[in-house]
Amino acid sequence: MKTLTVNSTIRNIAIIAHVDHGKTTLVDHMFRHSGAFRANKDVHERVMDNMDLERERGITISAKNCSVQWKGVKINILDTPGHADFGGEVERALMMVDGAILLVDSSEGPLPQTRFVLQKALKANLKIIVVINKIDRKDSRVEEVLNEIYDLFIDLDASEEQIEFPILYAVGREGIASKSLEKPGVDLTPLFDVILEEIPAPSFDPDEPFQMLVSDLDYSDYLGRLAIGRIANGRAHCKDDLVCLGKDGEAISLRISNLKVYEGISLKEVDAVEPGDIAILAGIDDVYIGDTICTQEAPKALKRIVVDQPTVSMKFGINTSPMAGKEGKIVQSTKIRERLYKETLSNVALQVEETDDANVFLVQGRGEFQMVILIETLRREGFELSVGRPQVIYREEGGRTLEPIEHLYVDCSDAFVGIVTEKLSLRKGRMINLVNKGSGRVRMEFSIPSRGLIGYRNEFLTDTKGTGLLNSYLDGYEDFRGEFPTRLTGSLVADRSGEAVAYALFNLEARGELFVSPNMPVYEGMIVGESSRSQDINVNPCKNKKLTNMRAAGRDDNVMLTPVAPMTLERAIEFIRDDELVEITPQSIRLRKAVLPANMRKL
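Residues numbered from 1 in each chain as written. Predicted model: local features only at pLDDT ≥ 70, side-chain atom pairs only at ≥ 80, totals over all residues. Heavy atoms only, no water.

Draft legend 1. A look at the packing of helix α4 (residues 112-123) against helix α5 (residues 142-155). Look at α4 against α5: their axes get within 10 Å of each other, and the N-to-C directions meet at 55°. Accordingly, the angle class assigned to the pair α4 and α5 is oblique. Note that α4 runs across α5; the crossing there is right-handed. For the pair α4 and α5, the contacting residues are Arg115, Leu118 and Leu122 in the first and Leu152, Phe153 and Asp155 in the second. A breakdown of the residues in the contact of α4 with α5 according to their chemical character gives four nonpolar, no polar and two charged. (Axes fitted to C-alpha atoms, helices over the stretch in contact; angles between N-to-C directions. Helix = DSSP H or I, 4+ residues; strand = E, 2+ residues; numbered from the N terminus. Parallel < 35°, antiparallel > 145°, perpendicular 65-115°, else oblique. Left-handed = near helix turned anticlockwise from the far one by under 90°. Contact = heavy atoms within 4.5 Å. Nonpolar A, V, L, I, M, F, W, Y, C, P; charged D, E, K, R; others polar.)

Here it is, written out as structure tokens:
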């Protein structure tokens, strides 16, 4: 057996946590404490969340790399998403590291996405450091949370070595960590020291030639396509002639035109890179995630990145409404197709397929939230498009139809247990566990088909008066559980084009909840509201009040309309039925029927 050499000057770690457990804030303070920022440098909070969408929503969407220096050792840090819908980002990020920091909120404990990401880390045999964060919370329950973490490790079949994890207690917001609760910390020195002690340094075979697994892609206007990955073996220099081994084993020649490594949150140009480091390499355009870059003399492919299969699909197409082209710059199907395929290059969890209609594309991903982020990104880039309702992807095995099943966690007030249980049982959900600790809130666990959650989240918030918490992760596939009603209400559909009139809308309020305000443009087939009845109703939102020659007191009262909640992408996608679409432009989100003319819809 060959003896591997260790590069002790480098550590590669990922930071994994559930959404909003303080992961990105902790990374901010790691930068500050390690001296990556000057003392007088003005730096944004959550500096790693550099996308507008990430800052607005307060979540991490894409895995990002950075590095800090501590006691002469370079620590490469990967900030990973906490949402299961972005699992593809997590899986490729974990391919580049030797250990992970598991961050858990001292009050909420390990939640579903914590479980999802930890399971991936344990499968990759990574060394885990547990950090219990936010110990200054009034509702902190550190001992209970620690027991829950041990239970989670055992539940995920962790080895004895993996369960013997080091534990730190932190207040990420203040940049404090300590090894015990009795002795409060003053800075993040204990965390850095534990990383150097516990996380193994990257090992490599000194006899092997250069090998790098491409785990991420980027693009530069000056350098072209950039391949990002961890160097498994060997060294490479700028201007070296190498080859890229693709999925089919075909070798494509390349010359390194530029070589960079991470330094802080920026990139540093270098002449050579060493084993174990994470490098950014320019010089090849035809490269994909999972490819191996190696020498021409001894081309040898590394194990490709394998990610979980998609569970949800949506149809993306051109905007065919009467308002098409009025608000967006990019409306052509060729441009939409090109942009969707470009997204699959950097997002390994997304797949795009052609359909019988040249103007419609089938996009497959991990969940509706991942689709929402993709649509919002396209919208901000100036695209106009229409999308259909999310559909789960079934599997056929041995003549049986299998569907994806979610493990759902519900946290709500005990007053809402009845309505939540009733709604979920209608959607083929089965209660697995219920914990009531007498605090006024109840935790429930359900096994429910993925399709049962499509369209339920907004309903859940309404039922729990905005106080409920809903989290889930994919639990596997089971036999199809049968049909159930997805939406019990119909749509109010405009029967003509024009502008919505306050007088008409006031008379329509008795029919249901409206989505449009006065003076908003409408067209035939556009959904202007949700009907209180089960069937669709064609209505006239443009009807004016008839003028008379009578001028009596009270005859011309001001019309008082109920305020209309702004239509969000999540709400729109969850609301529509199979025969409806969401029209998306940079300025507007509209709901419409797939077939616009009323006389054709009746056929």
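There is more to say, and it comes next.
Draft legend 2. Here's a closer look at the packing of aromatic side chains. Scanning the model with the defined rule gives six aromatic pairs in all. Aromatic side chains tyrosine 394 and phenylalanine 480 sit 5.7 Å apart centroid to centroid with 75° between the ring planes, which places their arrangement in the edge-to-face category. Of this pair, tyrosine 394 sits in the loop between β24 (391-392) and β25 (395-397) while phenylalanine 480 is found in the loop between β29 (469-479) and β30 (491-494), placing the two residues 86 residues apart along the sequence. For phenylalanine 480, a relative accessible area of 30% puts it in the partly exposed group. (Phe/Tyr/Trp six-rings, centres within 6.5 Å; stacked < 30°, edge-to-face > 60°. Buried < 20%, exposed > 50% of the residue type's maximum accessible area, 1.4 Å probe, protein only.)

Draft legend 3. Summary view of a negative patch on the surface. Taken together, the side chains of Asp248, Glu250, Asp285 and Asp286 make up a negatively charged region of the molecular surface. Topologically, glutamate 250 is positioned in the loop between β13 (241-245) and β14 (251-255). (Patch = residues over 30% accessible without salt bridge, like charges linked within 9 Å, V, L, I, M, F, W, Y side chains within 5 Å. Areas by Shrake-Rupley, 256 points an atom, 1.4 Å probe, with all protein chains shown as cover. Salt bridge = Lys/Arg side-chain N within 4 Å of Asp/Glu carboxyl O. Lys, Arg positive; Asp, Glu negative; His and termini not counted. Charge placed at Lys NZ, Arg CZ, Asp CG, Glu CD.)

Draft legend 4. Representation of the packing of helix α8 (residues 333-346) against helix α9 (residues 368-380). Where α8 meets α9, the closest approach of the two axes is 12 Å, and the angle between their N-to-C directions is 130°. One way to sum up the angle between α8 and α9 is to call them oblique. Seen from above, α8 lies across α9 with right-handed handedness. On α9, the residues touching Arg339, Leu340 and Glu343 of α8 are Leu374, Thr377 and Leu378. For the contact of α8 with α9, a count of residues per class yields three nonpolar, one polar and two charged.

Draft legend 5. Seen up close, unusual backbone geometry. Although it is not a glycine, lysine 134 adopts a positive phi angle of roughly 60°. Structurally, lysine 134 can be placed in the loop between β6 (127-133) and α5. Classification of lysine 134 as partly exposed rests on a relative accessible area of 21%. A positive phi angle, close to 60°, is found at aspartate 157, a residue other than glycine.

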